[in-house]
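Commentary on secondary and tertiary structure
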Amino acid sequence: MSDDGKTTGKYIAPLNRRRFLGGVSAAVLSASTLRSFASTPNTSEGVSLSAGPRPLVRYPEKRELIRVHTRPPHLETPFEVFNESVITPNDAFFVRYHLANFPTNIDPETFRLKVGGHVDKPLSLSLTDLKTMTDAQEVVAVNQCSGNSRGYFEPRVFGAQLGNGAMGNARWTGAPLRAVLNSAGVRKGAQHVVFNGLDKPVLNTTPDFQKSLEIDHALSAEPLLAWSMNGVDIPFLNGYPLKLIVPGYFGTYWVKHLSEITVLDGMFTGQDAYFMTKGYRLPDNDCHCVEPGDAPSDTRPISRIPVRSFVTSISTGDLMPVKRDIELRGIAFDGGSGINRVEVSIDNGQLWQQAKLGNDLGPYSFREWRLRTQFPVKGATTVRVRANSKRGETQPERATWNPGGYHRNVVETVEVMVS
Ligand SMILES: Nc1nc2c(c(=O)[nH]1)N[C@H]1C(S)=C(S)[C@@H](COP(=O)(O)O)O[C@H]1N2
Ligand SMILES: [Mo]
């Protein structure tokens, strides 16, 4: 079960009453919407019900990953990888592209990063220039797709029906973005910075994939121009040879094969601003949510990752021994304040036990948690996990909804049988 019966009931009400016949509502009406009501999927399993078969496939530099689609490649990390290590291995890291005309071969000798627009001195930097012009910095940070877990939305929404594997945690090394911007000399009046990579649309009527950050964010200590992932070159499909890292922000900003940085003295508009002005937007309210099927009146670009946690050591359907010491394990993360507390319930949410946090790899990283406990009685039970961030944010008991299927951070549940 996702969430619980009550949540499902709440969703069924608007479905029956109204809203599903016009405008944005069409985006959530499909045969499978109805199917997902008939058999409510679990939050960590069951995505294949709505997504159809998801075979394992093998791409260059990658182990077998879950195929979401192929053109362009969209691959998900099998969830058990997150139980193996708190750093996601490069060959297991998920892959997401929007445009089918993506590069398949980049010469590191001739590759250049262009920095231009509203600057004093436009730059054209080789990889060697980048590696030598400033001190390299390192950050361990989670790259999570905005649509991670979209496949669990009820009612369903358009877009890739992702499970929970469109995320990963890696150690990134690169040049601070602000050092590079400063050497280009950002001029007074700069407002936004636009990032573009080497992938292109197949048709010129399709928008390019470009993203922008506000100038203060771009000049803050956070963003990095990374050439290394977990100590080696970034795998090709993850953005070789250069990737924008925006710690704490959703993966959509982490532009791959980054080749062009443009400082603007105004807003980022036009066809190529599509992924800022039309896509990757959330309802502009406190919960970033609307009633299922509603269209938000105002939207804003998605930004920081809300606090989230997962159990990684068990999955739905597992058999657990009664009255025996066991250790539950998992991960928690947020958008850059760090994890304060993780609590686990093994009795359908009545009692919550505090888990022990593992090594602190910094506020942008997965934080491991462990809990030694015993299941006291036989029978079916639900394990739940919830995290609290250092800035006091918690996870919702019930899933919120938005038309893009973004930002999911409901308290996760795992159904087990104790015997
Ligand atoms: N050049 C380029 N960069 C991109 C994208 C893209 O389509 N093209 N997709 C973005 C999105 S939405 C995500 S979730 C991440 C995925 O990063 P990964 O493929 O390295 O896991 O890349 C981001 N950067
Ligand atoms: Mo994404």
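For the structure, see preceding data.
Residues numbered from 1 in each chain as written. Chains lettered and ligands numbered in written order. Predicted model: local features only at pLDDT ≥ 70, side-chain atom pairs only at ≥ 80, totals over all residues. Heavy atoms only, no water.

**A few points about the pairing of strand β7 (residues 137–144)**
For a regular strand, the rule is simple: side chains alternate between the two faces of the sheet. Put simply, the test is: A 1.4 Å probe rolled over the protein chains alone gives each residue an accessible area, and that area as a share of the maximum for its type sets the label: buried under 20%, exposed over 50%, partly exposed in between. The way it works is that DSSP assigns letters per residue, a run of H or I at least four long becomes a helix, a run of E at least two long becomes a strand, and they are numbered from the N terminus. Whether two strands pair comes down to DSSP finding at least two bridges between them.
Burial analysis of β7 places six of its eight residues in the buried class, which makes it a mostly covered element. Here β7 runs beside strand β8 (residues 167–176); their pairing, made up of eight bridges, is antiparallel. The partner of alanine 141 across the bridge, within β8, is alanine 170.

**A closer look at the state of the cysteines**
Cut-off, in case you're wondering: Counting rule for disulfides: a pair of cysteine sulfur atoms within 2.5 Å.
One pass over the full model with this rule turns up one disulfide. What pairs with cysteine 287 in a disulfide is cysteine 289, and their sulfur atoms sit 1.9 Å apart. Taking the torsion about the S-S bond as the criterion, the cysteine 287 to cysteine 289 disulfide, at about -95°, is left-handed. Taking the relative accessible area as the measure of exposure, cysteine 289 reaches 16% and is therefore buried.

**As for empty space enclosed by the protein**
Applicable threshold: Here a cavity denotes a set of grid points, spaced 1 Å apart and computed over the protein atoms alone, in which a 1.4 Å probe fits but from which it cannot get out, and a pocket denotes an open set meeting protein on both sides within 12 Å along at least five of seven lines; residues with an atom within 4 Å of a point are reported as lining. Grid points are joined across faces, edges and corners, and a volume is the space filled by probe spheres set on the points. Domain borders in the structure are assigned automatically or taken from a domain database. All amino acids are sorted into three groups, where Ala, Val, Leu, Ile, Met, Phe, Trp, Tyr, Cys and Pro are nonpolar, Asp, Glu, Lys and Arg are charged, and the leftover types, Gly among them, are polar.
By the definition in use, this model includes three cavities of 30 Å³ or more. Volume-wise, the largest cavity comes out at about 250 Å³. Along its surface, the largest cavity is lined by 18 residues, and Arg96, Gly251, Thr252, Trp254 and Lys256 are the ones closest to its centre. When residues are assigned to domains, the lining of the largest cavity turns out to be shared by domain 1 (19–96) and domain 2 (105–301), each giving three or more. Considered as a void within the structure, the second largest cavity measures approximately 50 Å³ in volume. Lining the second largest cavity are Phe333, Gly338, Ile339, Asp360, Leu361, Gly362, Pro363, Ser365, Phe366 and Arg367. Of the residues that constitute the lining of the second largest cavity, the class distribution is five nonpolar, three polar and two charged.

**Observations concerning the site of ligand 1**
The following threshold applies: Distances are taken per atom, and a residue is near a molecule or strand as soon as one of its heavy atoms is within 4 Å of it. Between N or O atoms, a polar contact is any pair within 3.5 Å; within protein, one atom must be a potential hydrogen donor and the other a potential acceptor, and residues adjacent in sequence are included only when both atoms are from side chains. Here, Shrake-Rupley sampling with a 1.4 Å probe gives the accessible areas, and only protein chains in the shown set may cover a residue. A molecule is counted as occupying a cavity or pocket when more than half of its atoms fall within 2 Å of that pocket's grid points.
Not every one of the 19 residues close to ligand 1 is listed here, only the nearest: Phe94, His98, Asp199, Lys243 and Lys256. For ligand 1, an oxygen atom lies 2.7 Å from a polar atom in the backbone of phenylalanine 94. Burial of ligand 1 by the surrounding chains reaches 100%, relative to a free accessible area of 530 Å². More than half of the atoms belonging to ligand 1 lie within 2 Å of the grid points that define the largest cavity. Its residues assigned to classes, the shell around ligand 1 shows 10 nonpolar, five polar and four charged. In this structure, the shell around ligand 1 is formed jointly by two domains, domain 1 (19–96) and domain 2 (105–301), each of which donates at least three residues.

**Topic: the environment of glutamine 144**
Looking at the element boundaries, glutamine 144 is found in strand β7. C-alpha of glutamine 144 to C-alpha of tryptophan 254: the two residues are 110 residues apart in sequence and 9.8 Å apart in space. Engagement of the side chain of glutamine 144 in a polar contact is seen with the side chain of asparagine 148, the distance being 3.0 Å. There is a polar contact of 2.9 Å between the side chain of glutamine 144 and the side chain of arginine 308.

**Brief notes about the packing of aromatic side chains**
Applied cut-off: In summary, the pairing rule links any two rings of Phe, Tyr or Trp, Trp by its six-membered ring, whose centres are within 6.5 Å, and it sorts them by plane angle into stacked for under 30 degrees, edge-to-face for over 60 and tilted for everything else.
Under the criterion given, the structure shown has 14 aromatic pairs. A ring pair is formed by phenylalanine 93 and tryptophan 172, whose centres lie 6.0 Å apart and whose planes are at 85°; its orientation type is edge-to-face. Of this pair, phenylalanine 93 sits in the loop between α4 (81–84) and β4 (95–96) while tryptophan 172 sits in strand β8; the two residues are 79 residues apart in sequence, bridging distant segments of the chain. Given the relative accessible area of 0%, tryptophan 172 is considered buried.

**A short note on the sheet that holds strand β23 (residues 367–373)**
Taken in spatial order, the four strands of this open sheet run β17-β19-β23-β22, and their pairing is antiparallel. Sheet topology places β17 (308–311) and β22 (356–357) at the edges, where each strand pairs with a single neighbour. One ladder, built from four bridges, connects β17 with strand β19 (residues 326–333); its direction is antiparallel. By the bridge assignment, phenylalanine 310 is partnered in β19 with isoleucine 331.

**Structural notes on the sheet that holds strand β2 (residues 65–69)**
Strands pair in a sheet through their backbones, by hydrogen bonds, and they do so in one of two ways: parallel or antiparallel. Within the open sheet, the four strands sit side by side as β1-β2-β3-β4. Their pairing is antiparallel. Whereas interior strands pair on both sides, the edge strands pair on one side only; in this sheet they are β1 (56–57) and β4. Relative to β2, β1 is paired through two bridges, and the arrangement is antiparallel. When the bridges of β2 are listed, leucine 56 appears paired with isoleucine 66.

**Remarks on the nonpolar core**
How we decide: Nonpolar cores were defined as sets of buried Ala, Val, Leu, Ile, Met, Phe, Trp, Tyr and Cys residues, with membership established by side-chain atoms within 4.5 Å. By definition in these notes, contact holds between two residues if any of their heavy atoms fall within 4.5 Å.
In this structure, Trp172, Leu225 and Ile261 are the most contacted members of the largest nonpolar core, which totals 71 residues. With five residues, the top contributor of residues to this core is strand β11 (residues 224–229). Among residues more than four places away in sequence, those in contact with isoleucine 261 are Leu113, Lys114, Val115, Gly116, Leu177, Leu181, Val193, Val194, Phe195 and Leu225. Listed in part, the 21 residues of the second largest apolar core include Val311, Val342, Leu371 and Phe375.

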